[in-house]
Amino acid sequence: MLFPSTADPAILTRILIVTPIPTPYSAELFDAVAATGQYRLCVMYASPEPLGRLWKLPPLRHDQMFLNRMTDAEAMDAVISQDLVVFSGYNSYGFGRLIKGRNRSGRPWAFWGERPGVLIPRYLGRRYRKIVFPEMSHSIAPIWGIGLWAIEGYRQELGENRLYLNVPYFSDLGPFLSIERDHKRSRPCRFLFSGSFIRRKGVKPLIEAFVELVRMGSDAELHLLGDGPLRGKLQSATSSIADRVHFHGFRQRDELPAFYAKADVLCAPSLYDGWGLIVPEGLAAGMLVISTTETGSARDLVTQDCGWLIAPNDKNALLDAMMRASTLPPSECSSKSMQARKIGQTQDIKVGVKRFCEAIDMSLSAWNRSK
């Protein structure tokens, strides 16, 4: 049975989310939405296996199905039969065929995605999407943008003739919000990086900036969570200050708050990141945050009252921000930390569930008004 829920489908609105793979964060949000009992929510994942991922997936507590275990007819029937279908992705895992089928049915659907047109020139991306995903421009499907930056990009590409909703990724930030902070610094300023050791995450300019920071006499430490192909080069680049740089390896999500609690400043210097969940985590933990103008969550959440926004791949700007962060007086650190935590609270899963449910209701209403 595709929908194992015991809820009466005649009473509850049937919502289907179509997305690539389960992740700890998305599963947490879908579990919480399903637990409200407001909808008969099911998630169609392309596959149950998070190939190449190191994180452990918790048990899924929402109804689910897996595209790679279904026939084409079963998948299409599941997509067409729901009251609202939200597609997170369009040109992979066979999603394009399902979108075409749903669009032809004339029934409500929405697209949920990060900002378009960043990895390739905008005009090429727009042309590409018109070819592989014409349903986006030829329909009135609402757009659920993952942050305001995403909404801005889709509005520029598609115009105003549809509903745009701000539905970023949300997660349970309780463990981060409960961290207690003491800003009477009697130890080195501790910078924290959490992510893959790949070029896109900006870890190379971070290492270069930190090495220069130490050479300038700063009493600071850098702690890195994660792993990846650049690890060897990063360790070689920091060999002369190895006592200041600590590689902690990959850590599961439930281990992260303990590391955030011991650090002062979160560094998220991505060259590009459609959202970036580590930013709201750092803010919720009361940390000052250094991030880039090409990181969606940082653009939405980081202000001068809680951190620094810099251009991506700019070692000098990163160095300047790190120097400023490491030399702030305790009173200013405390003030910025309090503001960070206030902003972090707006990204907690309780807010996310409300935002998600509102997006469902508003999307259905938009379709009804268009008839």
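Just so we're clear, the structure is a prediction, and the values are computed from it rather than from any experiment. (Residues numbered from 1 in each chain as written. Predicted model: local features only at pLDDT ≥ 70, side-chain atom pairs only at ≥ 80, totals over all residues. Heavy atoms only, no water.)

Caption draft 1: Structural detail: the overall build of the protein. The number of helices and strands found in the protein is 15 helices and 13 strands. Scaling as 2.2 N^0.38, a compact globule of 371 residues should have a C-alpha radius of gyration of about 21 Å, and the protein matches this with 22 Å. Principal-axis analysis of the C-alpha atoms places the extent of the protein at approximately 65 × 45 × 35 Å. Within the protein, the proportion of its 371 residues that are buried is 53%. Roughly 16600 Å² of accessible area belongs to the protein as shown, and the carbon and sulfur atoms make up 51% of that amount. (Helix = DSSP H or I, 4+ residues; strand = E, 2+ residues; numbered from the N terminus. Rg over C-alpha atoms; globule rule 2.2 N^0.38 Å. Buried < 20%, exposed > 50% of the residue type's maximum accessible area, 1.4 Å probe, protein only. Areas by Shrake-Rupley, 256 points an atom, 1.4 Å probe, with all protein chains shown as cover.)

Caption draft 2: Summary view of the sheet that holds strand E13 (residues 307-310). Spatially, E10-E9-E8-E11-E12-E13 is the arrangement adopted by the six strands of the open sheet, whose pairing is parallel. The outermost strands of the open sheet, each flanked by one partner alone, are strand E10 (245-247) and E13. Between one strand axis and the next, the sheet turns through 20° on average, direction left out of account. Across four bridges, strand E12 (residues 288-292) lies against E13 in parallel orientation. Paired with threonine 292 across the bridge in E13 is isoleucine 310. Each of strand E8 (189-194), strand E9 (220-225), E10 and strand E11 (265-268) is contacted by helix H8 (residues 203-215), which is oriented at about 160° to E9, the strand it contacts most. (Pairing = 2+ DSSP bridges. Axes fitted to C-alpha atoms, helices over the stretch in contact; angles between N-to-C directions. Contact = heavy atoms within 4.5 Å.)

Caption draft 3: Broad picture of the sheet that holds strand E1 (residues 13-19). Spatial ordering of the open sheet is given by E3-E2-E1-E4-E5-E6-E7, a layout of seven strands whose pairing is parallel. Edge positions in the open sheet fall to strand E3 (63-66) and strand E7 (164-166), since each of these has one partner strand only. Geometrically, the sheet is characterised by an average inter-axis angle of 25° between neighbouring strands, direction not taken into account. With three bridges connecting them, strand E6 (residues 143-145) and E7 associate as parallel partners. Paired with isoleucine 143 across the strands is tyrosine 164, a residue of E7. Packed on one face of the sheet, helix H1 (residues 24-35) meets E1, strand E2 (39-45) and strand E5 (109-113) and runs near 155° to E2. Against the sheet, helix H2 (residues 72-80) touches E1, E2, E3 and strand E4 (84-87), its axis set at about 145° to E2.

Caption draft 4: Representation of the packing of aromatic side chains within the structure. Overall, the coordinates contain 16 aromatic pairs when judged by the stated rule. A ring pair is formed by tyrosine 93 and phenylalanine 95, whose centres lie 5.7 Å apart and whose planes are at 45°; its orientation type is tilted. For tyrosine 93, a relative accessible area of 47% puts it in the partly exposed group. Ring geometry for tryptophan 144 and phenylalanine 356: centres 5.2 Å apart, planes at 90°, overall edge-to-face. Note that tryptophan 144 is positioned in strand E6 and phenylalanine 356 in helix H15 (residues 349-370), a separation of 212 residues in sequence. Relative accessible area serves as the criterion here: at 0%, phenylalanine 356 is assigned to the buried category. Seen from the ring of tryptophan 308, lysine 336 lies directly overhead, with NZ or CZ sitting 5.7 Å from the centre. (Phe/Tyr/Trp six-rings, centres within 6.5 Å; stacked < 30°, edge-to-face > 60°. Lys NZ or Arg CZ within 6 Å of the ring centre and 35° of its normal.)

Limitation: the analysis is restricted to geometry and does not speak to function.
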